[in-house]
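Given next are the chains, with one letter for each unit.
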Amino acid sequence: MNEELESAREELQSTNEELETVNEELQRKNLDLVRAEDDMRNLFHATGIATIYLNDELQIVRFTQAATTIFNLREQDVGRPVSDITGQFDAGILSEAAKNVLKSLEKKEWDVPGQDDRCFSVRMLPYRTTDNVIAGVVITIMEVTEARKVEQGAEKAKASLESVMDSIPDLLVILDREHKVLSASWSFYDFFRLKKKDMKNAELYQVGKGEWNIPELRSLLDRVVESGKTVKGYKLEAEFPGLGHKVLLLDANPIEAKDERPEMILVIMREIKEQG
């Protein structure tokens, strides 16, 4: 009996030692979990991007502090459907879009108008666990009001520029540093029998049937880009399909210079009628 008790005591001691080891491992894992939770909480507070996490039933799981500046969110809202919250725009839009993201498993990004003429960029992604299981949706929201105003202003300015260009009888074309066509006047398209859609963002030397692929012209434009200086009165002769031999007088003007190099080149052309 004593031998059996001694054996049982040894087994119990061994079991206790194993339990102590397991407990230590659990404590370490718990500490790691607490640290990870602290890191996540600090990340949420540090980021300036409004982020909302939803589960697969489109209920709010957590959100960043920045999200409270767009929606009326409080800790009590955790567990509520996202469609119930109120804020700068109708959250029902988020709910419907989130359903589509869960169904398609593809990200979605679009602009949403808000109150007081504000504009927000919304991005949605499926929430994937470490096991690659879809557990919900991640929503990030950024206010882009000023950026969109700048873009609209740029579009208006571009439209105004094109209107002015179309009113000038000279043949005008605007190129970027790589000699790609950014814009051209109506007279340019009409004179060379070109279509606007075929020239947009195309390299000048690829326009038409390659008639603009002239070494002297390349050299001229490269010189303007490198020097940032205007070249005036350059005489260019070339054969143009359907038009025949043409003699053109070119002015190449650098515009919007940065770091002493122009961002764009305005090329002005005038035809010279050959005598006789």
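Everything numeric in this text was worked out from a predicted model, so none of it was measured.

Comments concerning the sheet that holds strand β4 (residues 119-128)
Link 1 in the chain: One open sheet holds the 5 strands; their spatial order is β2-β1-β5-β4-β3, and the pairing between them is antiparallel. The open sheet has two free edges, formed respectively by β2 (60-63) and β3 (108-113), since each of these has just one partner strand. Taken over all neighbouring pairs, the strand axes of this sheet differ in orientation by 25° on average, direction set aside.
Link 2 in the chain: Relative to β2, strand β1 (residues 50-55) runs antiparallel, the two sharing 3 bridges. Paired with Ile52 across the bridge in β2 is Phe63.
Link 3 in the chain: Lying over the sheet, helix α2 (residues 92-104) contacts β1, β3, β4 and β5 (134-143), oriented at roughly 35° with respect to β4.

Some details on helix α6 (residues 215-227)
Link 1 in the chain: In this model, α6 (13 residues) spans 18 Å end to end at C-alpha, consistent with the 18 Å of a helix rising 1.5 Å per residue.
Link 2 in the chain: Where α6 is concerned, the buried positions are Leu217, Leu220, Leu221, Val224 and Val225. Seen end-on, α6 carries its buried residues on one side only, within an arc spanning 135°. Exposed side of α6, more than 90 degrees from the buried face: Pro215 and Glu226 are the residues found there.
Link 3 in the chain: Positioned one or two residues after α6, Gly228 has a phi angle of 70°, which is positive.

Each value, and the rule that gives it
Residues numbered from 1 in each chain as written. Predicted model: local features only at pLDDT ≥ 70, side-chain atom pairs only at ≥ 80, totals over all residues. Heavy atoms only, no water. Pairing = 2+ DSSP bridges. Helix = DSSP H or I, 4+ residues; strand = E, 2+ residues; numbered from the N terminus. Axes fitted to C-alpha atoms, helices over the stretch in contact; angles between N-to-C directions. Contact = heavy atoms within 4.5 Å. Expected span 1.5 Å × (residues − 1). Buried < 20%, exposed > 50% of the residue type's maximum accessible area, 1.4 Å probe, protein only. Arc of directions from axis to C-beta.

Scope: geometric values only; no functional claims are made or implied.
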